[in-house]
Amino acid sequence: MGSFYFFNINISISSSDIEFSPWQLTDNEEVEYVGEQPENIIIFIADGMGFGHLSIALQTLNSESQPSVWQEFEVKGWHDARSAFGPLTDSEASATAMTTGTSTQFGHIGIDKDGKVLENIFEIAYDQEYTTGIVTDSYIWDATPAAFLAHTRNEDDARDILTQISATNLDLIFGELEDLGEDDVPEKDETMEILSKRFKLLDRTLKLPDDDNGSIPVMAIFDEDEIQDLDSSPNLTQLTETALKYMSSQDKPFMLLVESEEIDAASHVHNSKRVINGLKSIQQTLAVLLKFSKIRGKTLVLFTSDHETGGLAPVADFKRYPNLQIKWSTKDHSAAVVPLFAYGPGAEYFADVHRNSEIGIRLKSLISRDKTSNE
Ligand SMILES: [Zn+2]
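Summarised in this report is the structure supplied together with it. (Residues numbered from 1 in each chain as written. Predicted model: local features only at pLDDT ≥ 70, side-chain atom pairs only at ≥ 80, totals over all residues. Heavy atoms only, no water.)

1. Comments concerning the overall build of the protein
Here is step 1: Counting its regular elements, the protein contains ten helices and 13 strands.
Here is step 2: Here the protein has a C-alpha radius of gyration of 21 Å; the compact-globule value for 375 residues is 21 Å, and the two agree.
Here is step 3: For the protein, buried positions account for 54% of its 375 residues.
Here is step 4: Excluding contacts between residues fewer than 6 apart, the proportion of contacts in the protein whose partners are at least 24 apart in sequence is 74%.
Here is step 5: When the accessible surface of the protein is summed, it comes to about 17,000 Å², and 47% of that surface belongs to carbon and sulfur atoms.
Here is step 6: Averaging the positions of the 30 positive and the 63 negative side-chain charges in the protein gives two centres separated by 5 Å. (Helix = DSSP H or I, 4+ residues; strand = E, 2+ residues; numbered from the N terminus. Rg over C-alpha atoms; globule rule 2.2 N^0.38 Å. Buried < 20%, exposed > 50% of the residue type's maximum accessible area, 1.4 Å probe, protein only. Contact = heavy atoms within 4.5 Å. Areas by Shrake-Rupley, 256 points an atom, 1.4 Å probe, with all protein chains shown as cover. Lys, Arg positive; Asp, Glu negative; His and termini not counted. Charge placed at Lys NZ, Arg CZ, Asp CG, Glu CD.)

2. Thoughts on the coordination of the zinc ion
Here is step 1: Looking at the zinc ion, one finds its protein donor set to be D264 (OD), D264 (OD), H268 (NE2) and H333 (NE2), positioned 2.1 to 2.4 Å from the metal centre.
Here is step 2: Considering all four donor atoms around the zinc ion, angles at the metal cover 56 to 153 degrees and the coordination shape is irregular.
Here is step 3: One chain supplies every donor to the zinc ion, and in sequence these donors are spaced D-x3-H-x64-H. You can see H268 sitting in helix 8 (residues 262-268) and its partner H333 sitting in strand 12 (residues 333-334), a full 65 residues away along the chain.
Here is step 4: Judged by relative accessible area, which is 15%, H333 ranks as buried. (Donors = N, O, S within 2.8 Å, 3.2 Å for Na, K, Ca; no water. Tetrahedral: all angles 85-135°; square planar, octahedral: opposite > 155°, others 65-115°.)

3. Quick look at the pattern of salt bridges
Here is step 1: Tallied over the full model, the rule gives ten salt bridges.
Here is step 2: Notably, a salt bridge pairs K298 with E39, separated by 3.8 Å at the nearest N-O pair. With K298 in the loop between helix 9 (272-296) and strand 8 (299-304) and E39 in the segment before strand 1 (40-46), the pair connects residues that are 259 residues apart, well separated along the chain.
Here is step 3: For K298, a relative accessible area of 47% puts it in the partly exposed group.
Here is step 4: Across the salt bridge formed by R159 and E190, the nearest N and O atoms sit 2.7 Å from each other. Here R159 is found in helix 5 (residues 158-166), whereas its partner E190 is found in helix 6 (residues 188-195), with 31 residues between them in sequence.
Here is step 5: For R159, a relative accessible area of 33% gives the class partly exposed.
Here is step 6: Members of the salt-bridge network, linked through shared partners, are D352, E358 and R362. (Salt bridge = Lys/Arg side-chain N within 4 Å of Asp/Glu carboxyl O.)

4. Considering the nonpolar core
Here is step 1: Judged by nonpolar contacts, the single largest core of 51 residues is most densely connected at F122, F148, L149, I173 and F350.
Here is step 2: The leading source of residues in this core is helix 3 (residues 121-127), at five residues.
Here is step 3: Apart from residues lying up to four places away in sequence, F122 is in contact with T132, G133, I134, F148, L149, L170, M255 and L257.
Here is step 4: In this structure, W70, F222, L239 and V275 belong to the second largest nonpolar core, which totals 45 residues. (Core = buried A, V, L, I, M, F, W, Y, C linked by side-chain atoms within 4.5 Å.)

5. Digging into the sheet that holds strand 7 (residues 254-260)
Here is step 1: Pairing within the open sheet is mixed, and its nine strands lie in the order 2-13-8-1-7-3-4-6-5. Each edge of the open sheet is held by one strand with a lone partner, namely strand 2 (75-79) and strand 5 (200-201).
Here is step 2: Bridge count for strand 3 (residues 131-139) against strand 4 (residues 172-176) is four bridges, and the pairing is parallel. Residue I134 lies in a different strand from strand 4, and its bridge partner there is I173. (Pairing = 2+ DSSP bridges.)

6. Regarding the packing of helix 5 against helix 6
Here is step 1: Two elements in contact, helix 5 and helix 6, have axes separated by 8 Å at closest approach and are oriented at 25 degrees. Considered as vectors, helix 5 and helix 6 are oriented roughly parallel to each other. Together, R159, L162, T163, I165 and S166 of helix 5 and E190, T191, I194 and L195 of helix 6 make up the contact between the two elements.
Here is step 2: In the contact of helix 5 with helix 6, the residues fall into four nonpolar, three polar and two charged. (Axes fitted to C-alpha atoms, helices over the stretch in contact; angles between N-to-C directions. Parallel < 35°, antiparallel > 145°, perpendicular 65-115°, else oblique. Nonpolar A, V, L, I, M, F, W, Y, C, P; charged D, E, K, R; others polar.)

7. Let's talk about the pairing of strand 8
Here is step 1: Among the six residues of strand 8, six are classified as buried, and the element is accordingly described as predominantly covered.
Here is step 2: Burial along strand 8 is two-sided: T299, V301 and F303 and L300, L302 and T304, pointing in opposite directions, are all buried.
Here is step 3: Note: strand 8 against strand 13 (residues 338-343), four bridges, orientation antiparallel. Directly across from T304, in strand 13, lies its bridge partner L340.

8. Focus on empty space enclosed by the protein
Here is step 1: Inspection of every chain in the model, using the stated rule, returns one cavity of 30 Å³ or more.
Here is step 2: Looking at the largest cavity, its volume works out to about 40 Å³.
Here is step 3: Residue lining of the largest cavity: A81, R82, P87, L88, T89, H307, E308, S334, A335 and A336, and that is the complete set.
Here is step 4: Residues that form the lining of the largest cavity fall into these classes: five nonpolar, three polar and two charged. (1 Å grid on protein atoms, 1.4 Å probe; cavity = no way out; pocket = protein on both sides within 12 Å on 5 of 7 lines; lining within 4 Å. Points joined across faces, edges and corners; volume = space filled by probe spheres on them.)

9. Examining a nonpolar patch on the surface
Here is step 1: Among the surface-exposed residues, F51, W78 and V337 lie close enough to one another that they form a single nonpolar patch of about 240 Å² accessible area.
Here is step 2: Within the element layout of this structure, W78 appears in strand 2.
Here is step 3: Taking the relative accessible area as the measure of exposure, W78 reaches 37% and is therefore partly exposed. (Patch = residues over 30% accessible without salt bridge, like charges linked within 9 Å, V, L, I, M, F, W, Y side chains within 5 Å.)

Here it is as structure tokens:
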């Protein structure tokens, strides 16, 4: 191993100041899609996951005998997740860009940087009579689901977001509660009372109502950190399987958002073990979604992230090579571009996306075109 001696020299990690250049988008925003129309659209957002995390998944979590779930995607690209506030973003601004097509400010959910309410893709989907659903391993009023359901400048006002959620036409919501009773977060009883104005509560077995063909809006609500692990029962994969059953039994097109918060939560505190478990959970859930699309057809599966967290680098200590080590460069979000992968009809429409807001523009165009082609 003598030839690797130079890798063992201790070098302090340096940083230097580089000027940000805010380039404008070209006419890419207006690209029209002319291919096969997807009937169903599934969007998977892995909060905080960048190409460093993906590299760890590819190089440590896959066996030689089984193809990786990542290689099954037909389109593999990236997007620049910057907000209207420069190169960095947060989940509120990034999810808002992806669901409305407009870049916005930190902390803004479903509103532009000046506070104007933006229409999101779920609101268009309700009008087009899609069945809509959200599954998250985080709390249900968290930034990412909230950007698909609500409009607010205050991401901490859980009572307002929950009230807005119960006033939507959403058909399914599975996720956790968090910080009950703190600041603007109501206690569990009040939370359930707000949500039960729209949703019927499923028990832990997730048995769907068989009355009315399961068309009653449903919720499955868990306590803080109850469903976050791979070993939880239910876990994200099982919740997603139930959601697919519900969504596909309605004889209507559907739009489903699946969110995993684990990578972001783990990367903010540099918890490598939790990153690995989060990646396993994401891979396992993506396998279910891709299988659904393969068997049923007509289903676009879009995988992406809202931003990178931790500045993760997969590096090697040559004393332990080929084992990898995770190195972190920040406890915050980084400005690294993030993966954007697609499978199924409509996948190629996402091949040349540059900016997160273009994802929203394309999703809106796909479901709006659906209306005219059905008439
Ligand atoms: Zn974060």
